[in-house]
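# Notes for the structure review
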Amino acid sequence: MKMRLIVTKRVKPLKFGGIIIPFLSIVVGIFLATIALYGLARVPPLLVYGAIGQSLISPQMLQTFVMLTILGVALIIPFNAAVWNIGAEGQIIWGMIMSAFIGLTVAVRYIIVSPSDLPKYTNMPGMFVLPTPTVSGAYAVEALTMNPGAAICLMLIVAGIAGAVWALIAGLMRAYLDIDEVATTLIMNYIAYYAYNYIVYGPLQGITISTSGFGLSNALHPALRFSRISTATTATWEGVALMIAIFVIAWFVLRQTTFGLRLRILGSNPQVLRAAGINVRKYIVLALTISGAIAGLVGTILFAGNLYQLIKIKTITTPPTHNIGYTAILVSWLSMLDIRGVPIAAYIVASLFQAGINLQSSLGGVSGGSAMISSGALTYVLIGFVLTTFTVLRVFAEYSIKVVREGR
Amino acid sequence: MYVPDSGEIYVNGKRVIFTSPIDAIRHGISLVSQIPQLIGSLTISENIILGLERFGMMTNIRRVENYIREESEEVGIKVDPNTEVWKLSYTQKQLVELLRAVMLGAKVLMLDEAITFLPIREKRKFYKFMRKFASQGGSVILITHKIPEALEVADRISVLRRGKYVGTVETRTVTIDDVRKMMFGERSAQITYERLPTSTPDDKVVLDVRDLWVMGDYGAFSVKGVKLQVRAGEVLGIAGVAGNGQLELVQAIMGLRKVSKGRVAILANGGLKDVTNKGTGKVRSLGIGYIPDEPLKFGVSMENNIEENLAMLPAIAKGIIKWGQIRGLANKLINEFKVVTPSSRTPVKLLSGGNIMKVLVARELSIAKKLLVAYNPTRALDEVTAVMVRKIIKEKVLKERLAVLLVSEDLDEIFQVSDTIAVMNSGRIVKTFPAEKAEREQVEKLMVM
């Protein structure tokens, strides 16, 4: 008697697969991760669960959640059309650069004052004194040249355009020259990193002794910074508002317009669109451009909401984005490319990130050995197991597997 | 290709499980389908080597060629094994497919509508081979929707209806009507091959094609100076064996393929408007419906539901979609065409082929204001539905003065619906007749000339 394993693709999707699979992969993934962490580094499982539980309600993860939600939305727009934007990183970087350009040059002018005149400026409204003196020994004061609200809007617009243009290049190459956008968007991330480093040593380098030549820009004028929701979090009102607006608009476009419908059809069958008389190339380019524009906005949120300054990239693996543009790919896949799942996926991934950080700090007092594990490593063990489980479950969801006897 | 969810398959009394076509071939079962599965850029012998295990990884191509020559003589097919497949006509490709199946050492030869569209002469030749093959201990399973064909060659006829086994009869004990009843039950009375009422075309020309030259996929001209006109209230049927340039002609008219020379013009605002190489969007915006060949690939999006497949067309929805309105249209079309579906929001891939085709035909007819371009519009349909679709098309022609360009490899269809018949052969329109005066034998001769 011979046994044979039969693997067939399911015609009908599993019922509730879109909810059950992400949910199960998180629960099972976390469970497996605790076993692994215990086996590898004797991390007490209860500590892991505690850290995760804590992070789910921690206000510190809110900013990560906001950015991941926006980026998740940005990515599922082209992903639905089977256009793979791996370049959110580069688009964010350009968003940051252009926000800094507006915020540090267009929206302010610099007044150079001698140390003796400085006290006059320190308390003058609308003036921001840079903390260290310039190379010549004088101090620089940032004075607003425009209404701060208008300046912030301008930062967002220009950042969106910058991200869009960066993505547009890859979009045009894909649509008209048939060059794979996965490769081009990915490569362009690194081009953006190097461009960023060039700029922080060049056009946007700071004018004070602690910034000029150190790969740092000037700091953003406080009036142009986004306002924090509370002191316990780095999340900002502006960021949250943007997240809600982008989510609602994107949902509407994807579900209620012909543009969104055709994007979704483009993902499974471009020929059918051609026969319907639709310019498929235009849709490919638009999908990437819109995605890039939204990612560019995240650049502003990061710059004006968290960092306030451009800081050079020391090694290519540690950009100021903390690779959130790549993490967002994970979010969009966990959402099963359904926009309604994006905030949920973003919430979970953001919590796991926070859990890694929390866990590391609580491990400090437990044992010498496990304290060696960095929060990054902890986070990646957690997320890695979730993702592995997700992949395995997807196979079961897409295929039915059974054993049959053969012969007699 | 599929593994049964339940039930068993036995070969020579032994239970088998096939998880790939290779498994079946190893047990001596080969399939030839309606669409040639050959690689266009390779030669005949290269294509055949691909499937033959006996030649192993390293092969002397000359040995294979000689072997092919021997075998093909036996089957009664004349081919030069060095020819690249893209140069072959549909008939020749199909014959190569049949040859390959035989060379695979098949004991059971399954022909899935494989010879339905072959010219009658080649068909007869192959019938003879099938007889010989069977007398030497082989079996042939011929899948066809043409009852006369089954009656002509088969020893026994089994009928399947909607995936269910109806029964098996000895061919010599039954008539065409018996088989038809088994296939369609009560509804068999609706089947007719009678000509539908002829329409008298208006003088108004809706589609005007002049001296059209179009390249095929391999850099040779597939359409060579075609000239044709379709008037309002007329069905122009283009008869021809598949692969004689019909596909390229239709794609060029629809703006899906580049026109090298010549002109395509469509009626717009009272005059003919040149749409040559202006893109499909432009052509469609003039009120043109299109039923493409391979409709499951080019006609509908399988992953999306019926409503979405409607709203996708610029002629049906623009900008913000009013889903309520779309649902109304969907339900209207579902009722009108008796589409069997749980709801208008069921993904199209869960419907049967015939029902998908109904959705497509219904949609295109609903947007065709002036002209419908259709390629094999009833290929995937059972006969009852096919006749129904033809009647609906003809009714639109008679009542709403629609112009129809109908390209079909099915002569029954051409004769049933057309008001004018044009025969296409090797990229040229070789003759045009008023349908009432056309004779079937003459048309067949011109098709394979």
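Residues numbered from 1 in each chain as written. Chains lettered and ligands numbered in written order. Predicted model: local features only at pLDDT ≥ 70, side-chain atom pairs only at ≥ 80, totals over all residues. Heavy atoms only, no water.

### What about the overall build of chain B?
- If you tally the helices and strands in chain B, you get 16 helices and 17 strands.
- For 449 residues, the compact-globule formula gives about 22 Å, and the C-alpha radius of gyration of chain B, at 23 Å, lands near that figure.
- Taken along the three principal axes of its C-alpha coordinates, chain B extends 65 × 45 × 45 Å.
- Among the 449 residues that make up chain B, the fraction classed as buried is 53%. (Helix = DSSP H or I, 4+ residues; strand = E, 2+ residues; numbered from the N terminus. Rg over C-alpha atoms; globule rule 2.2 N^0.38 Å. Buried < 20%, exposed > 50% of the residue type's maximum accessible area, 1.4 Å probe, protein only.)

### What about the packing of aromatic side chains?
All names here are of chain A.
- Here the structure, examined in full by the defined rule, presents 10 aromatic pairs over all chains.
- Pairing Phe65 with Tyr347 gives two aromatic rings, centres 6.3 Å apart and planes at 85°, and the pair type is edge-to-face. Remark: Tyr347 occurs in helix 13 (residues 342-363) and Phe65 occurs in helix 3 (residues 62-80); sequence separation between them is 282 residues.
- Phe65 sits in the buried class, given a relative accessible area of 14%.
- Ring pairing ties together the aromatic residues Phe79, Trp84 and Trp333, which thus form one cluster.
- Between the NZ or CZ atom of Arg42 and the centre of the ring of Tyr38, over which it lies, the distance is 5.1 Å.
- The ring of Tyr308 carries the charged tip of Arg225 above its face, separated from the ring centre by 4.2 Å. (Phe/Tyr/Trp six-rings, centres within 6.5 Å; stacked < 30°, edge-to-face > 60°. Lys NZ or Arg CZ within 6 Å of the ring centre and 35° of its normal.)

### Quick word on the domain arrangement of chain B
All names here are of chain B.
- When cut into domains, chain B gives domain 1 (9-143) and domain 2 (205-448).
- Computed from C-alpha coordinates alone, the two centres of domain 1 and domain 2 are separated by 33 Å.
- Contacts between domain 1 and domain 2 engage 10 residues on the former and 10 residues on the latter.
- Summing both sides of the interface, domain 1 and domain 2 together bury roughly 880 Å²; the carbon and sulfur share of this comes to 72%.
- The interface formed by domain 1 and domain 2 includes zero salt bridges.
- Taken together, domain 1 and domain 2 are joined by zero residue pairs in polar contact (both at pLDDT 80 or more).
- Of all the elements in the fold, those that place two or more residues in the side of domain 1 that touches domain 2 are helix 4 (90-103) and helix 5 (120-135). (Domains from an automatic or database assignment. Contact = heavy atoms within 4.5 Å. Buried area = accessible area lost by both parts, 1.4 Å probe. Salt bridge = Lys/Arg side-chain N within 4 Å of Asp/Glu carboxyl O. Polar contact = N/O pair within 3.5 Å; in protein donor to acceptor, adjacent residues only side chain to side chain.)

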